[in-house]
Each structure stands twice: as structure tokens, then as C-alpha cells.
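Letter by letter, the chains look like this.
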Amino acid sequence: MPQKEILQFSVSRLEILDAEGNLDADLDPRLPDEKLLALYRGMKVGRAADARMLNLQRQGRIGTFAPCTGQEAVSCAAALAMSENDWFVGAFRELGGRLMRNEPFWQYLVYHNGFEEGNAGHESGRTLPFSVIVAAQTLHAAGVAYAMKYKNEKAAVVVFFGDGATSEGDFHEALNFASVYKLPVVFVCQNNGWAISIPREKQTNSRSLAQKALAYDIPTVQIDGNDALAVYREVRRAIERGYEGQGPSFIEAETYRLLMHTTADDPRKYRTDDEVECAWKNCPLVRFKRYLEDRGIWNDEREAALDESIKQEIDEQVRIFESRRDFKNDALFDNVYSTRHAIIEEQRAMFHENLTLERHNG
Amino acid sequence: MPQKEILQFSVSRLEILDAEGNLDADLDPRLPDEKLLALYRGMKVGRAADARMLNLQRQGRIGTFAPCTGQEAVSCAAALAMSENDWFVGAFRELGGRLMRNEPFWQYLVYHNGFEEGNAGHESGRTLPFSVIVAAQTLHAAGVAYAMKYKNEKAAVVVFFGDGATSEGDFHEALNFASVYKLPVVFVCQNNGWAISIPREKQTNSRSLAQKALAYDIPTVQIDGNDALAVYREVRRAIERGYEGQGPSFIEAETYRLLMHTTADDPRKYRTDDEVECAWKNCPLVRFKRYLEDRGIWNDEREAALDESIKQEIDEQVRIFESRRDFKNDALFDNVYSTRHAIIEEQRAMFHENLTLERHNG
Amino acid sequence: MAKLNMVQALTLAMDQEMERDPAVVLLGEDIGPDEGVFRVTAGLWQKYGDERVIDTPLAESAIVGTSIGMAFAGLRPVGEIQFSGFSMLMVAQLEAYASRTRSRTFGRWTAPIVIRMPYGGGVRAMEHHSESREATFAHFPGVKVVIPSSPRNARALLAAAIRDDDPVVFMEPKRSYRAFKEEVPDEPELIPIGRAQVVQEGADLTVISWGAMMRPTLEAVEMVQLERGASIEVIDLLTLAPLDHTTFVESVKKTGRCVVVQEAPRNLGIASEVIALLNEGAFFHLEAPIRRVTNYDVITPYFGRELMYIPSVGRIKRGIEETLDT
Amino acid sequence: MAKLNMVQALTLAMDQEMERDPAVVLLGEDIGPDEGVFRVTAGLWQKYGDERVIDTPLAESAIVGTSIGMAFAGLRPVGEIQFSGFSMLMVAQLEAYASRTRSRTFGRWTAPIVIRMPYGGGVRAMEHHSESREATFAHFPGVKVVIPSSPRNARALLAAAIRDDDPVVFMEPKRSYRAFKEEVPDEPELIPIGRAQVVQEGADLTVISWGAMMRPTLEAVEMVQLERGASIEVIDLLTLAPLDHTTFVESVKKTGRCVVVQEAPRNLGIASEVIALLNEGAFFHLEAPIRRVTNYDVITPYFGRELMYIPSVGRIKRGIEETLDT
Ligand SMILES: Cc1ncc(C[n+]2csc(CCOP(=O)(O)OP(=O)(O)O)c2C)c(N)n1
Ligand SMILES: Cc1ncc(C[n+]2csc(CCOP(=O)(O)OP(=O)(O)O)c2C)c(N)n1
Ligand SMILES: [Mg+2]
Ligand SMILES: [Mg+2]
């Protein structure tokens, strides 16, 4: 009864639409035209919004932010695959998907201009706000999913995180928790090749990130994350698995961060221009556009019209953002607790006194 | 290019000496007699020491402790497989192995009688003290291994932890860290079926714990942890892999906690007597004794002599323990920092004053 | 009305809150069939089942992190950390999310979770099982920290914590778990979080304490009163964050003298903040330095020596006497 | 002797310590080719290579936990936490192992590690990038906490921290990283850990601060001195744990008045402990309440409002004036 193999595992990789625009017709999810167009628009909006933010940041009109350019297919196709009842739990690099979930861009800008008001009040439903502590949100996703299961709601949770996030303890605890209770969580790893300056190969010694899920017996797949059709298909399947009580799924979406980590970062310090140039050839938008053209539902004219409409939309949002500058100075005191407490209110009074004196003196 | 399998993994299981004493001669590590006898003695000492502690605890002569009965093969055979230069990094359930590493039992008792002196001063070399925070020590093991590699020492680190520990974030971070730097760490998971009241099946939804290592591309194996020969063989192989710069290894040793979690625990609340009775049939000592007998190097007479010698040894250690009760009251102030600080010394003075007054008044 | 010890009173609170509100769920290590290592969840798994009394994997960050997610989605999770010594593993989730989600989203998202944990020494426990870390949690803006001192206030405070819309770290003095019984009304009772209790009024000196230190404190106070006829006001803080400074500032304005009794080490404990607030609010009424009777700034001693380090009745008594004499 | 900013001074300290002692290794996220997100490790990876300047996976508990292991085995690891906002993920390793290994093993094992981290606000950083959590670390017995305020003392304190046989949390005021330059001697220089520095002597009032608050504090002090001819003593704590209370108690005994300036929220900050110690050591010399000029007990504001909340020169000045006038 010596040594014997008791368990086998494998990781497979899925690509539907490659960088050259070749399509695997069998796997094509055959989305209706209006969905395809919505997806393309979403990705284009994400790209354009990113570019605008870069401008605003350089002009000092907003603060540091993490651009998403190159990764639009992941969050946008996932957002398309989700219903309103599903939960979108992001980190900080899902601009396209967030906007598709109806988060107003002007609020996104308010937030990135340093005001918590950017997280407040908009009715984007089940989209959780930014999460900066890497991997922490994976646990929130598991908790939300527990609540959905507990309440017997037909709803799944799609949570996004990077390749770097897979090294954190919270990531591990979240996958285990989701697996133990068979929770409807779709773990979407945006493997963009880098965690700031750490390349994927130094982040972990594993041959894939998809295989991380084997530790928990969670169904897993690696996909080309710049292939919006593959993202859509796998996220959708995973959501349905969640609805059916089959538990969590894991998706490694291989993509690339085409720009800097954040606007405070200088990627030249750790990667070559060549690598980046090469990566631009895999741009998720280019191949998707070709796919639409091949289907005969797209042409240069429509492209121009779309660009114009997006520009107007973004202009409008920036205009709203610029007009929202009347923020209460003492807002931080408002929500320390759900009810007022003497110690906070005394400090609020001190705060006002100080501000008044400051104005008076300065 | 549709969907294709890109990576295959498997987990195998190894047994050499089964519960009935059947031996897989091909896999038998063929240890020389004196090593076999040392190993048997080590396991017996562990068992007897455990029993004595249970007595002492019931008499109130020591405090709460975590018995190891049933799991002796894991830490003892691992200790045998290690050289003095290798590091033994335990949790709290490796009594047998610790004693084989020359940790004096009387010190172990001092510790369990509530005095930090039990961790102090003994020259057990590269054996780290007790670690209570579950899984935390796996990171220390990785750090020690980094130092060994950095210093070019021929030394590996064997770290022990339970099935429950595999759920903690630190466990995950340690495996990843060890894998990234190809560190000479042997991760030994003592899967004893329970984490206090949580059965292995509820701790994780995975079919094995061995497969946890697949996430990091760390070589892994599941073994019968009550099979001392299997433990020896795999730990030894893993240590050598470490020496050769091949990085970490993972071993899931399936065993069983025959007694309570700690003396403060009542296992009847969560598991049946039947289950426990069944598990006694797998006792690692019984089969090993039979193996020795089959090899013609053991008999009842020797067993009786061994029992007597162990009893004397333990009696002697308990005697030393009982004689070491002259602990400094203010010892806690001695090692807050490496050098004296006014604030601590002032408090030491207050402490003495208080003790004096207390004695005076009470 | 039944006579309950603190463990029973806590169980009662959870039971009644679970009956009242199906959104209340419990999660933690060994809280199901094992009923918690101190049996605080006794009978609840049997009554409410796996889905509401959730035995979790061994992962403290997960207990709090998933609680936060559950709360986002409308549940009222009550997480148990088996001993406060393991609570450091979850402070990141507490500090970065539970404490500030309300503020950073203007109330769009909130994290009404309770994190229960036994704390403190005196029960001859293993290493890392006897810490008093309330100040660590209390230092994070947005977190409420509550510590009961008796069966009755434990029940009423835990019920209030579960109904509270903010994250509450609820620390249970394990030394008091079974130390004594008290009449606890059958009907749900609430004590507002954020208020200290004047346990007894007095004119000459104010003693402030909380949790497991209340019992030796009251004993010491009684001795001093008997021996010297002094009139001593005693305050049980009950909530450590946000502090009810009004109550103790008013008290010390009246008495002019104050002793703070704390089980935790001295440096940066709750007593430090109490003194700072008294310095600000009652300075001109102080007739003597405020005295701290606390543990020392050493690691929490293993049980062989712990009782020499935790404030004793004698030390507290001397602290009061010396302050009266200054 | 060269004029360096704080970043350059810190780099110099690490470079010289690495040259001196091959046991010194650095580890952290992005400290290699990227040279740290603030470039504090500039040139060190190029000079010392992968083995001594270790780019780690994204895992803070691992950075500290493996540092502890390295220290057990004779290395002198200097870990970097990218921003103090992420440091909560490693407090379990700090509290349960780094801080107490020496005590719990009577020195048989020790954890001489340094954990560097930038802290504090004022640089318009993202959320969770501007906290001041020194009190969290300082509350753990056995941990030393050091915060420099200038290039020269940053270099000398970091060198001392690396040579120190105890775990040191070394917090770098990122607002001061490039704010100004100072002459820094070429030769290694050490400042003993555990000692505060009297920056200037004075007779009427003592101002105590540390880190990034030293600059606005000194500015405010100068204004008050000019405007009112007051004589003000200024103390830079430098070490937050263990506190050098002798220095500030003696000072306040002399001046009778004190203001503590702190960037962190008020509740349970270092200022609270300073006040508690002054209450104990200088009570009968105090002529006015000790004043705290601090942030408020709210979450660390996102950058849009942060400068309204962090103590400003004006607030510090008023704090001093009002205390002089009481
Ligand atoms: C716990 C924690 N540690 C460190 C950081 C600093 N940091 C922000 S993003 C980042 C890299 C994240 O890499 P990855 O997960 O791959 O996401 P990506 O940025 O590539 O989208 C780091 C180190 C953080 N935000 N949180
Ligand atoms: C971080 C942490 N959480 C909880 C505990 C309490 N505790 C001690 S042992 C234990 C179970 C450990 O199970 P396992 O890892 O399987 O080891 P075993 O006790 O079975 O040897 C628990 C929950 C702890 N010591 N540390
Ligand atoms: Mg990445
Ligand atoms: Mg176990």
C-alpha cells in the first residue's frame, strides 16, 4: 500500500477572442448586440475617464489615483455579467466596471479630490466603495455572500483584487471561508503582471495564480483578461454556480497595467518600455472593436459618434464635480458614531473655534 | 486555442508501516537499530511524560497544558530525522520531539507551572520555545530559514502546526514566502482531526491538507502520521531537499488527538467515544513496537526495562521541577528591554514596595 | 428574575437578541456544539442551528472581516474572539473598515458588528490568554469599547451593543465569568452605551475603574470607609470609548481627589486618558495628584506570578489612603 | 558633512549600518529596484543585492514575522511597512512575539528587529496613508518606538535602532522627508534611544512634541517668544516608548506650564501618557492645566480636509498663549 496518488487537479486556460481578433466560435457567449455595444461603451468610458483623470491629476485638480488603462475588459465584462442584485466588491482599479454599475463619475472625482463625500449618498446599490487595504475586501465579499445565502437571496458577490493581493493572509482566509460555507462568491484576480514594482514572478513562485484556488477545492480557471468575452463567460458561469448553491469560483484574469501603479509611481524604475509597448498590442479595446466590426455592428462613423458622446458625458461629469466644492469643514465629526457623543461634539466646537481664529489671524 | 488544460497537479499518500504492523519493505528507510530504539524510546518518553503531566495537572501542581498522546510519531520521528543544526520550530503539541531535542522535561514543567523560567537558559540549541498564537511560528520558521540560506549554513527548519493552523493568514504568507525564496523549510502539518471542537472537515472544504501546498508549487505529500517510518522518511527527504537548495516541502501527517485539546477542554461535547476508541487502534507506539519485535530487536523484557528507565527519568525530572520553586518575584522587570530604563526600574521599586506592604498587611 | 452568573447573563442577552431579530448571527471558533470555550454560547447552536451560530475556521481576521461584510448586507453579526490575546490578528479589519466605514461613506455604509472577547488575568490561563488590551481598541476613532463588571450590567450592555449601530468591541472579564451571581430580570434590559455609572456617591475621593477590577475596588473602598470613615465615590466606566468624561469630571470636581484602578499595564492605558481629561476638566479642583493603580509595564505575566502584578485589594486600598493623605 | 534631507539621511544610516554589519538586511515591499515608494532605500539594492535588500511579497505580517525568525537566527532585519496605515496587519506578530520574546525566555531568545514606516499626514496621500499610530505600538510593553524630526537625528536614531538589541518601531514623518535639509556628519553618529532632547531651554512653559509636529511647534514657539518675550522650553521626545519622563518632568517642575503637541487623535495618544506622568511627577509645580494640541477623535481625514485637522502653527501658538495666560 506504498505511495499512491490520491488526488488529481488541473488548471485550464480559456481564451475566446485573441489579440488578433480570432474568435473561438464554440465558446463565444453570443451576447445580443445591445449587450456587446454596452460592453464596448463601458470599456471606452473607462479608458476615457482614466485619461481625463490623468489630466486632472497633472493639473492638481485631483489627487493621487490608480489608473486602470489596459484592464477595462475585466471589470466591465464582469459588471455586464452581473445583475443589479449581485454585489460588486472592488479594490481600487475597477473604474470601468464601477461606472457601468452606475457609480457617478463626478463622485469618483470628488473622492479622488480628497473628500469622503465621494463615497456618500449615491444610489449605486450593491457596489461597495473603494478598498485600499490590499485583499481586505475579499473577506467583506465572503461576509456579504454569507448574508445573501442566509437571506435566501438570489445574488452573488463578485470581488476584484490584484495579483499582489494573493499574498496577503486575508485573501487566504476569505477563500477558505467561502469554500467552507459554499458561498456565492466569484473571486476575480486581476493579474496585471505587477504589484507596484514587484513582478508577478516574484510575488509568488507558483506557475499560475489560478492554482491558488486548488488549496480550497474551489473551481478555478485562468483566462485572458483582455478578452472581454472570456471574462463575461466565466464570470457569468461562476455567478450561476453561486446562484445554484455550488459555492465560490476563482478566475485568474491575465491582463496588464499599461500605465503607472498610481500617479505617484514611476514605472521606468522597474520595467522596460519594450515590455509596455508589447503589452499595448494586447489592448482589450482594439480586439473587441474588431469583433464588433466583424459582426457588422460597428464602423468608424459609429466609433466617432461614441467618442463624441463619451466626451460629452465626461465633460458633464467633470463639470458637476467642479461645481461640488462646498463641503462642510466639520464633516468628519458627523459620522464618528451613529449618535452624537459629548466628547465628539466638544471637539467639534473646538474645531470651529480654531477655524474661526485661524481665519481671523491668517 | 479554446479551453485547454495548462497545469496538472497531484497529491500522493505514503504509508510504510500500517496499523496492523504490515511493512512496505521497499519504502522502509532501514534505520540502524540504535536509531530505531532511540525513536521508540522517544515516543514512549513522550507518552509517559504526557501521562505524568495529566497527573500533575489534576493535582494542581501544574496548569493547563495540551496533551500530545497519539501524535508522538510525528514530532519524534521528525526530531530523529533532524541534525543538531536543523531548527525545530514547534507550536504546543510536540512534547516527544522536544524531549528528543534535549529540552529538559523539568523546564517544560516549570513553564507549565506558569513561570517563564521554563523557556530560559537551557541549551537545547536550535529549538524555539512554545508558540501559542496559532500559525504565527510558520513565519518565524521562514525567517530562520532565510537566515540559514543567507549564511550558507547547511541547516533546514522543521516547523510544526495543526490542521486548524492552515486556516490562518500567517500560514499562507509563510508558505508563499518560503516558496518565493526557495527556503529550506519543512512544513509539517499535524492533522490530528480536530482544532478544539472543529473537525477537519469543517476547518476547510479541501479533500486534503496536503493540497494546500499546491497553491505555492511546494512539493507535498500526505502521510500516515502515526507511521513513524513514513514520517522519518519524508521529513528526511524534505530536509535534504532543503540542504540542496530545492526549497520548502509540505507534509500532511494524518494522526489523531487521543485526549482532550487541553486539560481545560471536554471533548465529549463534540466527538463520540466510539471515534476515540477506534482511533486508539491506530496508536503509533503499538505498531512500532511490533515492527521492532519483527526485526528481532525487542521483547517484553526490554519493554519492561525501558518502562522502568523512563519512569525513573521522569521521576527525576519531576523531582528537579519540584525543587525549582525559588523564582524571583520581580523577574518580569528584568527583560522588558535589553538595558535598564528608568520607567521600568521605578515600577520595579513600586512593585517591591507593594509586595512588602502586602506581606506586612496580609 | 433569576440569579445568574456573568456567563449565563451573556448567554441570555444573545438568546433574547436572536429571538428578537433574525438578523443577529453569531460567529467564532468553537461556539457551536462546544458552546464556546467558556460556554458563553451554551444552548444557542442547539436552538438556532448552524446558520445562525457559525463555527468558523481558525481565522480571526476572517471572523471580523466577514462580520463587516455581513453587516454591509444587513445582518447583525456578533463575532467571538476566543481570547483577547488573539485579537491583534483582526485589528487591521477593525481599524481600517469597521471603525471608519460610517465616516468615510457618510453613513451610506455602516458596520454594526459586535466583537466579543474574554480578557484579563487571574484564572491561571496559558500564555497570551490573560491580556487586557482595551486601550488598543479604544484608541481607534469610531470604535466603541464596552466592558461589563457584573452579570446584570453584562446582559444589559451586550443587548445594547447588539442593537447599537456602531462597531462595538465587547470585552468580558473572564475572571468575573463565574465569580458571583446576581439577580437579572427576565425581560430584556438595556444600558446605554457611552455612559459611566456612579456606583456609590461620596465626598472625599473618586475611584474610577471597570471590568474585573470593580470587585477588588469595591472591597478596598469598603475597607477604607470602615477604617477611616471616608466618603468615597465609585465610578464604573462601563464604556471605555467613547468615554463619559462628564460623569467623572463632575465627580472629581466635587471630591478633589481621584484614584484610577486598571488591570492593564500603566503606559497608555485608559487611566492615562482619564487623567488627561481630568487635567483638562477638573484641574483647579484637584487637591492631590490622581493616582493610578495598575499593572506594570511588563509583559502580561504567565500565571505563576500574575496575582502579584494585577492590582490587589491591598494595593488599591493603599492607593486610596495615600491619595486621601496627600 | 553634507546637507541632506531626511530621506537621504535615512538612506545613509542604512548604508553605513549595512557596511558595518553583514547581519543587517532590509526587507519590504518595493524596496529593491523601485528603491521604496519614498526612495528611502535608494541605491541599496544596487549596492547590496537581492539577498540583503529583499523585495517581499505583499504581506505585512510576513515582513514582521519573518524578521522575527531572522533575528532569532542572528540577523538584524530592518523591515519596511510601506505606509503606517498597513501596519495593523502585523501587530499580532509585534505584540505576541517581537515585544515579549526577550521577557518570556529570559533573554534566551531575542528579536532585535527594526520596523520602519512612514507615518502622518500633510502630503495629500490616498486614504489609509496618513495615520499616526505611534500610541498603538507604544502601548505594547517591550516595544521601543522612535520618531525622528530632522535629517540629522533621523540618521543617528535609525543607526541606533539598528544596533539596538530590542524591537524598534521606527516611524518616519513623511511630511518631513523632503521638507528641509540639514548638515549630517559623514561619520556614523548615534543618538541613544530612550532619551528626549531639550531643543531649547526656557523658564515660563514647556512645549513637548515629536516628529512632523516639531517644525510647526518651533515656529509657533518663536512667534510667541518674539511677540511676548516669553521664555519657552522645547522638548523633542524622539523616543515614544519607553518615555524619558525624567527630562520632561524636570522641565515642567521648573516651568510650571506645559503644552503637548500631537498629530494623532487626542484620545489615548502619547500626550495622554505624558500628562499622566506629569500629574504624577510634577503635580505640585503645575500652575495651569496641561494643554493638548492634537488632531480630533475622528478618522484620519482624507486629504481634502486634512490640514484643517492636523495641528497648525496657529493652533499651537494659541495653545501656548492660553496656557501662559491661565
Ligand atoms: C495591506 C496593504 N499593503 C500595501 C499596500 C500598498 N499598495 C497599494 S497597491 C499595492 C500593490 C497591489 O498589487 P496588486 O494586488 O497586484 O494590485 P494592482 O495594484 O496591480 O492592481 C501596494 C503594495 C496597501 N494598499 N495595502
Ligand atoms: C490565533 C489563535 N487563535 C485561537 C487560538 C486558540 N486555540 C488554541 S489551539 C486551537 C486549535 C488549534 O487547532 P490545530 O491547529 O488543529 O492544532 P491542535 O490543537 O489540534 O494541535 C485554538 C483555536 C490560538 N491559540 N491562537
Ligand atoms: Mg497587480
Ligand atoms: Mg488539530
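Everything below is about the structure printed above this text.
Worth saying up front: this structure is predicted, and the values here are computed from it rather than measured. (Residues numbered from 1 in each chain as written. Chains lettered and ligands numbered in written order. Predicted model: local features only at pLDDT ≥ 70, side-chain atom pairs only at ≥ 80, totals over all residues. Heavy atoms only, no water.)

A few words on the site of ligand 2. In the vicinity of ligand 2 there are 21 residues, among which B:Arg93, B:Asp163, B:Asn192, B:Trp194 and C:Glu60 approach most closely. Near ligand 2, the surrounding residues belong to chains B and C. Within the backbone of B:Val134, one N or O atom sits 3.1 Å away from a nitrogen atom of ligand 2. B:Trp194 has a polar backbone atom sitting 2.8 Å from an oxygen atom of ligand 2. For ligand 2, whose free accessible area comes to 570 Å², the fraction covered by protein is 95%. Looking at the shell around ligand 2, its residues break down into 11 nonpolar, 5 polar and 5 charged. (Near = heavy atom within 4 Å. Polar contact = N/O pair within 3.5 Å; in protein donor to acceptor, adjacent residues only side chain to side chain. Areas by Shrake-Rupley, 256 points an atom, 1.4 Å probe, with all protein chains shown as cover. Nonpolar A, V, L, I, M, F, W, Y, C, P; charged D, E, K, R; others polar.)

Next up on the list: the coordination of the magnesium ion (ligand 4). All names here are of chain B. Around the magnesium ion (ligand 4), the protein supplies Asp163 (OD), Asn192 (OD1) and Trp194 (O) as donor atoms, at distances of 2.0 to 2.1 Å. Positions of the donor residues of the magnesium ion (ligand 4), expressed as sequence spacing, correspond to D-x28-N-x1-W. With Asp163 in the loop between β3 (157-162) and α6 (169-180) and Trp194 in strand β5 (residues 194-195), this pair connects stretches of sequence that are 31 residues apart. There is no split in this pair, since Asp163 and Trp194 are both buried. (Donors = N, O, S within 2.8 Å, 3.2 Å for Na, K, Ca; no water. Helix = DSSP H or I, 4+ residues; strand = E, 2+ residues; numbered from the N terminus. Buried < 20%, exposed > 50% of the residue type's maximum accessible area, 1.4 Å probe, protein only.)

So, about the coordination of the magnesium ion (ligand 3). Residues and elements named next belong to chain A. Donor atoms from the polypeptide that bind the magnesium ion (ligand 3) are Asp163 (OD), Asn192 (OD1) and Trp194 (O), placed at 2.0 to 2.1 Å. Along the chain, the residues donating to the magnesium ion (ligand 3) fall in the pattern D-x28-N-x1-W. The class for Trp194 is buried, based on a relative accessible area of 9%.

Applying the stated criterion across every chain yields a total of 58 aromatic pairs over all chains. When the ring of B:Phe333 is compared with that of C:Tyr309, the centres are 5.7 Å apart and the planes differ by 25°; the resulting orientation is stacked. With B:Phe333 in the loop between α11 (300-323) and α12 (342-361) and C:Tyr309 in helix α11 (residues 306-309), this residue pair bridges two chains. You can call B:Phe333 buried: its relative accessible area is 2%. A relative accessible area of 0% places C:Tyr309 in the buried class. Geometrically, the ring pair formed by B:Phe351 and C:Tyr296 is edge-to-face, given 5.5 Å between the ring centres and 80° between the ring planes. A residue pair is termed interchain when its members come from two chains, as with B:Phe351 in helix α12 and C:Tyr296 in the loop between β14 (291-295) and α11. Judged on exposure class, the residue B:Phe351 and its partner C:Tyr296 are both buried. Every member of this aromatic cluster is reached through a ring pair, and the members are A:Phe105, A:Tyr108, A:Tyr111, A:Phe130, D:Tyr302 and D:Phe303. Looking at A:Arg324, its charged tip hangs above the ring of A:Trp106, at a distance of 4.3 Å from the centre. (Phe/Tyr/Trp six-rings, centres within 6.5 Å; stacked < 30°, edge-to-face > 60°. Lys NZ or Arg CZ within 6 Å of the ring centre and 35° of its normal.)

With respect to the helices and strands, the residue B:Gln203 is situated in helix α7 (residues 200-203). If we skip the residues at most four places from it in the chain, B:Gln203 touches A:Asn176, A:Val180, B:Asp163, B:Gly164, B:Ser167, B:Ala195, B:Ile198, C:Pro57 and C:Leu58. (Contact = heavy atoms within 4.5 Å.)

Across the boundary between the two partners, chain A contributes 46 residues, which contact 45 residues of chain B. Interface area, chain A with chain B, both sides summed: about 4000 Å², of which 49% is carbon and sulfur. Taken together, chain A and chain B are joined by 2 salt bridges. A salt bridge links A:Arg207 to B:Asp217, with the nearest nitrogen and oxygen atoms 3.0 Å apart. Counting the contacts that link chain A with chain B gives 31 residue pairs in polar contact (both at pLDDT 80 or more). Elements supplying a minimum of two residues to the side of chain A that touches chain B: β1 (3-14), α6 (169-180), α7 (200-203) and β7 (220-224) of chain A. The dominant element in the side of chain A that touches chain B, judged by the number of residues it contributes, is β1(A), at 12 residues. Looking at side-chain class alone, the side of chain A that touches chain B contains 15 nonpolar, 17 polar and 14 charged residues. As judged from the 11 bridges shared by β1(A) and strand β1 (residues 3-14) of chain B, these two strands associate in the antiparallel manner. (Buried area = accessible area lost by both parts, 1.4 Å probe. Salt bridge = Lys/Arg side-chain N within 4 Å of Asp/Glu carboxyl O. Pairing = 2+ DSSP bridges.)

Turning our attention to the packing of α6(B) against helix α3 (residues 60-72) of chain D. Contact geometry of α6(B) with α3(D) gives a least axis separation of 9 Å together with a crossing angle of 70°. In terms of orientation, α6(B) and α3(D) fall into the roughly perpendicular class. Crossing of α6(B) against α3(D): the hand is right-handed. Judged by residue contacts, B:Asp170, B:Glu173 and B:Phe177 of α6(B) engage D:Glu60, D:Ser61, D:Ala62, D:Thr66 and D:Met70 from α3(D). (Axes fitted to C-alpha atoms, helices over the stretch in contact; angles between N-to-C directions. Parallel < 35°, antiparallel > 145°, perpendicular 65-115°, else oblique. Left-handed = near helix turned anticlockwise from the far one by under 90°.)

Moving on, we get to the interface of chain C and chain A. The interface of chain C with chain A comprises 49 residues on the first partner and 46 residues on the second. Of the roughly 3700 Å² buried at the junction of chain C and chain A (both faces included), carbon and sulfur atoms supply 61%. There are 18 residue pairs in polar contact (both at pLDDT 80 or more) connecting chain C and chain A. Looking at which element gives the most residues to the side of chain C that touches chain A, the answer is helix α3 (residues 60-72) of chain C, with 9 residues. Grouping the amino acids of the side of chain C that touches chain A by side-chain chemistry returns 23 nonpolar, 14 polar and 12 charged.

Scanning the entire structure with this criterion turns up 116 salt bridges over all chains. Between C:Glu322 and C:Arg291 there is a salt bridge, with its nearest N and O atoms 3.0 Å apart. Taken as a pair, C:Glu322 in helix α12 (residues 313-325) and C:Arg291 in strand β14 lie far apart in primary sequence, 31 residues in all. The exposure class assigned to C:Arg291 is partly exposed, which follows from its relative accessible area of 29%. By sharing partners, the salt bridges in this structure join A:Lys328, A:Asp330, A:Asp334, A:Arg340, A:Glu345 and A:Arg348 into a single network.

Quick look at the relation of the copies chain A and chain B now. Take chain A, turn it by 180°, move it 0.0 Å along the axis, and it overlays chain B with an RMSD of 0.0 Å. Such values leave the two copies arranged in the relation of a two-fold axis. Ranked by how close their C-alpha atoms come to the rotation axis, the residues of chain A are headed by A:Gly169, at 1.7 Å. (Least-squares fit on C-alpha atoms with pLDDT ≥ 70 in both.)

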